[in-house]
Amino acid sequence: DAGVTQSPTHLIKTRGQHVTLRCSPISGHKSVSWYQQVLGQGPQFIFQYYEKEERGRGNFPDRFSARQFPNYSSELNVNALLLGDSALYLCASSLSQQGARNTEAFFGQGTRLTVV
Amino acid sequence: AQKITQTQPGMFVQEKEAVTLDCTYDTSDPSYGLFWYKQPSSGEMIFLIYQGSYDQQNATEGRYSLNFQKARKSANLVISASQLGDSAMYFCAMREGYETSYDKVIFGPGTSLSVIP
């Protein structure tokens, strides 16, 4: 079975540009979450989508947006890139929105974004 | 206020020895879950072990065990018989609010573990 897949694996963008990152969850998983991990820190929650609806949002500016498609894959969009947006962006999928207490989140390998 | 604290930025352990990675957390929610993840240099987060706030026994998964002390709000990870492949960043994480409508995991700052041959 394929795990969570993210594309691209690496990306270099210029300040002011926009970027789209993609995530395909594990087959059967309806929940996708996005995290930003700045070098030397733990991941920070950005968004969660479940059944194509935004269910939660972290403390990130409106330049960050996302969506989930009918096949449960997801895109994370970041507009007007800043140098500080350079980070590893992780996508996680899980079976349920919440409730199953030991539902683990399975992570992809991440997209390493560098803004220059 | 920081919800997950990992006070050991870096740890060294001799191969085949046991090591304890510390984690303390802060929540007022009576229902929560605690996780440990391993992140090798490749970047992927690998799930290791889970402990629920209502679980009576400490969780174990192979060489990993979680020393859960609810009153002290600590959830230390114990790795027995360390292997060279255990060298990685280790993150303690918490999911709180099972009554909320979304699923948010809060991560600590991580501990870098190096296993010495």
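Scroll up for the structure.
Residues numbered from 1 in each chain as written. Chains lettered and ligands numbered in written order. Predicted model: local features only at pLDDT ≥ 70, side-chain atom pairs only at ≥ 80, totals over all residues. Heavy atoms only, no water.

Draft legend 1. Broad picture of the environment of Ala92 of chain A. The residue Ala92 of chain A is located in strand S9 (residues 87–94) in this model. For the pair Ala92 of chain A and Gln109 of chain A, spaced 17 residues apart in sequence, the C-alpha separation works out to 9.6 Å. (Helix = DSSP H or I, 4+ residues; strand = E, 2+ residues; numbered from the N terminus.)

Draft legend 2. The sheet that holds strand S8 (residues 74–78) of chain A, seen in detail. Residue and element names in this part refer to chain A. Pairing in this open sheet of four strands is antiparallel, and the strands run S1-S3-S8-S7 from one edge to the other. The two strands at the open ends of the sheet, each matched to only one other strand, are strand S1 (5–7) and strand S7 (64–68). Within the sheet, the average angular offset between the axes of one strand and its neighbour, ignoring direction, is 15°. Bridge count between S7 and S8: five bridges; the pairing is antiparallel. Its bridge partner being in S8, Phe64 is matched across the sheet by Val78. (Pairing = 2+ DSSP bridges. Axes fitted to C-alpha atoms, helices over the stretch in contact; angles between N-to-C directions.)

Draft legend 3. Looking closely at the packing of aromatic side chains. By the definition in use, this model includes 14 aromatic pairs over all chains. Plain terms: the ring middles of Tyr37 of chain B and Phe107 of chain B are 5.7 Å apart, the flat faces sit at 50° to each other, and that makes the pair tilted. Of the two residues, Tyr37 of chain B is situated in strand S5 (residues 32–39) and Phe107 of chain B in strand S11 (residues 105–107); the sequence distance between them amounts to 70 residues. We note that Tyr37 of chain B, like Phe107 of chain B, is buried. On the accessibility criterion, Phe107 of chain B (7% relative accessible area) is buried. Of the aromatic side chains, those joined through ring pairs into one cluster are Tyr35, Phe45 and Phe107 of chain A together with Phe35, Tyr37, Phe47, Tyr50, Phe91 and Phe107 of chain B. (Phe/Tyr/Trp six-rings, centres within 6.5 Å; stacked < 30°, edge-to-face > 60°. Buried < 20%, exposed > 50% of the residue type's maximum accessible area, 1.4 Å probe, protein only.)

Draft legend 4. Structural context of the pattern of salt bridges. Residues and elements named next belong to chain A. Under the definition given, this model contains eight salt bridges over all chains. For Lys30, the salt bridge identified is with Glu51, shortest N-O distance 3.4 Å. Of this pair, Lys30 sits in the loop between strand S3 (19–24) and strand S4 (31–37) while Glu51 is found in the loop between strand S5 (44–50) and strand S6 (53–57), placing the two residues 21 residues apart along the sequence. Accessibility expressed as a relative area gives 26% for Glu51, which makes it partly exposed. With a shortest N-O distance of 3.8 Å, Glu53 and Arg55 are connected by a salt bridge. Of the residues examined, Glu53 reaches a relative accessible area of 44% and is grouped as partly exposed. Salt bridges here are not isolated pairs; linked through shared partners, they connect Arg22, Arg67 and Glu75. (Salt bridge = Lys/Arg side-chain N within 4 Å of Asp/Glu carboxyl O.)

Draft legend 5. Spatial organisation of the pairing of S8 of chain A. Residues and elements named next belong to chain A. Of all the five residues making up S8, five are buried; the element is thus mostly covered by neighbouring parts of the structure. Burial along S8 is two-sided: the face carrying Ser74, Leu76 and Val78 and the face carrying Glu75 and Asn77 are both buried. Looking at chain direction, S3 and S8 are connected through five bridges and run antiparallel. Bridge pairing in S8 links Arg22 to Glu75.

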